[in-house]
Structures are given as C-alpha cells and as structure tokens.
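# Notes for the structure review
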Amino acid sequence: MAYKLSWLADVLAAAGQKVIEENGWKDRGRAEMGDVKGILAHHTAGAKKGNSPSLKVVRDGRPDLPGPLSQLFLARDGTWHVMAAGRCNHAGEGRWQGGTGNSQFIGIEAENAGDGKDDWPDVQMKAYVSGAAAILAHMKADAVMVAGHKEYATPKGRKIDPAFDMVDFRDQVELVMDGKAPKPKLIPSVNPAKAMLRKGSRGPDVKILQKALQIKADGDFGPATEIAVRAFQKANGLIADGRVGPKTWALLLKEGK
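The structure displayed is predicted, hence computed values, not measured ones.

Further remarks concern the sheet that holds strand E6 (residues 79–82). Here 6 strands make up an open sheet; going across it, the order is E1-E6-E5-E7-E2-E8 and the pairing mixed. The open sheet has two free edges, formed respectively by strand E1 (18–21) and strand E8 (146–148), since each of these has just one partner strand. Strand-to-strand twist in this sheet, taken as the mean axis angle between neighbours without regard to direction, amounts to 25 degrees. Direction of pairing for strand E2 (residues 38–43) relative to strand E7 (residues 105–110): parallel, over a ladder of 6 bridges. When the bridges of E7 are listed, histidine 42 appears paired with glutamate 109.

This paragraph deals with the layout of surface pockets. Size it by volume and the second largest pocket reaches roughly 390 Å³. As for the second largest pocket, its lining consists of 21 residues, and the residues nearest its centre are His43, Arg62, Glu109, Lys159 and Asp161. When contributions to the lining of the second largest pocket are tallied by element, the ones reaching two or more residues are E2 and helix H2 (55–60).

This next bit is on helix H3 (residues 122–139). Its 18 residues place the ends of H3 26 Å apart at the C-alpha level, agreeing with the 26 Å of an ideal helix rising 1.5 Å per residue. Counted residue by residue, H3 has 13 buried out of 18 residues, so it is predominantly covered. Lysine 140 sits one or two residues past H3 and shows a positive phi near 60 degrees.

Tracing the backbone shows aspartate 218 in the loop between helix H6 (204–213) and helix H7 (223–235). Look at aspartate 218 and you get partly exposed, because its relative accessible area is 42%. A C-alpha to C-alpha distance of 42 Å links aspartate 218 and valine 176, two positions 42 residues apart in sequence. Among all residues touching aspartate 218, those that are not within four sequence positions of it are Lys207 and Gln210.

What follows is about the packing of aromatic side chains. Considering all chains together, one arrives at 7 aromatic pairs under this definition. Seen in terms of ring centroids, tryptophan 120 and phenylalanine 164 are 5.1 Å apart; in terms of plane orientation they differ by 80 degrees. Their pairing is edge-to-face. A residue pair is termed long-range when its members are at least 10 positions apart, and tryptophan 120 in the loop between E7 and H3 and phenylalanine 164 in the loop between helix H4 (149–152) and helix H5 (166–177) qualify at 44 residues. Phenylalanine 164 carries the same exposure label as tryptophan 120, and that label is buried.

What counts and what doesn't
Residues numbered from 1 in each chain as written. Predicted model: local features only at pLDDT ≥ 70, side-chain atom pairs only at ≥ 80, totals over all residues. Heavy atoms only, no water. Pairing = 2+ DSSP bridges. Helix = DSSP H or I, 4+ residues; strand = E, 2+ residues; numbered from the N terminus. Axes fitted to C-alpha atoms, helices over the stretch in contact; angles between N-to-C directions. 1 Å grid on protein atoms, 1.4 Å probe; cavity = no way out; pocket = protein on both sides within 12 Å on 5 of 7 lines; lining within 4 Å. Points joined across faces, edges and corners; volume = space filled by probe spheres on them. Expected span 1.5 Å × (residues − 1). Buried < 20%, exposed > 50% of the residue type's maximum accessible area, 1.4 Å probe, protein only. Contact = heavy atoms within 4.5 Å. Phe/Tyr/Trp six-rings, centres within 6.5 Å; stacked < 30°, edge-to-face > 60°.

In structure tokens:
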C-alpha cells in the first residue's frame, strides 16, 4: 500500500524539475507519516566527486541507521531522486515552528561534502529552492516551514547541515512562492501529439510506445514497459527515469521511422 507522500514526484515534475522515481518509492518508508508540517533541509556530507555518490546510502541507510534517510535526494546536477513516500530517519531530536520528529517533516538530502569548501552548483541550488517552494505550496505552508537541520536539531550545535544560509534560502523560496522570481523553464514538448507517459498510463499512445520498443503492445504501461523504457533511455544517454517525455519520444519516433 502506498504511503501518503505519493504526490511528491508529480509536484516536483509539475514545477519543471528533473525527477527520477526510484523503484518502489511509494511503498518505501519506516512507517506512515503523521501531520506533515514542513521540510528539513540537509546535506549528505558525502564525497566531493561525482554527481550522486551518497544516493545508495540515503536510500538504504548506514550500519548505525536504517534507511531510507530522506524522502528526497538532490544530485549535484539538480536532478531530484524520489526515494520514499513514508517516514524516513532524518530528523532526530528537535523542533521547528511547533513541529517535531520524522513523522512531521519531509527530508531533503542534497549532495554536498558540507565542509565549507565544496561549492554548491548553481543548478543544484536553483533546484533546491524551486523544489522546496513547490512542495510547500502543495502543502499550503509558508516559506518559514522549510528549516535547516542545524536550526531544528537540539541541543543547539548538534547539527551543521545544510552548509548554506537558511535565512537567505527561505527568502529565495518565498520569492518563488510569491511569483516574484523567474520560474524554471519547463521542458518543452517536441511533439504535442504525444503525451507524457509513465507507469500506470493507458491508451493508444502507450501502444505506440510499446511498438517502438518492440514489446507486447497491450496499451498498459506496466512493469515490463517501464523496464524497457529505462533500458532504452540508458542505452541512449538519457536519464533512465522510466518516464516517456519529449526527449525519449523524439528518439523513439526517430528510430521508428
């Protein structure tokens, strides 16, 4: 049974973000969420090299702390990995604006060493701000409800993440939420006749997709179709997220000519 945060991927994608849905994320979590009040921002304290060296740890946990360690993982290139829809081990002891605990906060782990020397790529910070704004808007929460782990955690000084100024971060989130900041450019459609498809989609466009992939064309985007899509995307240098958007359609239709 899917947990209650199963809307996360759609909200981020609708805000123009690059999204990868990790397999089984809707059913992943320590337990169901409670009354969700806001977001806790983290950095991974992982390696300085690589786009997402901490991804597996955030999903699966550490020897001293079982995963998932957050609902969302933000890679250095600004890609959101949706890890879990249920409760995650990220908050610990603390309080922010009346909220406390893993059951009341959505965790975002962003790839960064957190030593003050690992620069935050502009594309990653823009995604961090825009993604947080989209989630809070969906929740009908104010920008004040995104807190740094270092602000939330008790006793004071127990945590240092994330390694950037949270007051400035909230100001940027508020600008996005108020429509006063440039909105991220949505991925343009190269073929308006073809819909964005994902697992669970049905209809004639799914049959066209399946024929292009040379698999059974039953019009039902199930697990077999998702596996075939991911394999095609990986083989063609695309983000293997299992979603069939403009770039995937363009390559499929070109190959099908």
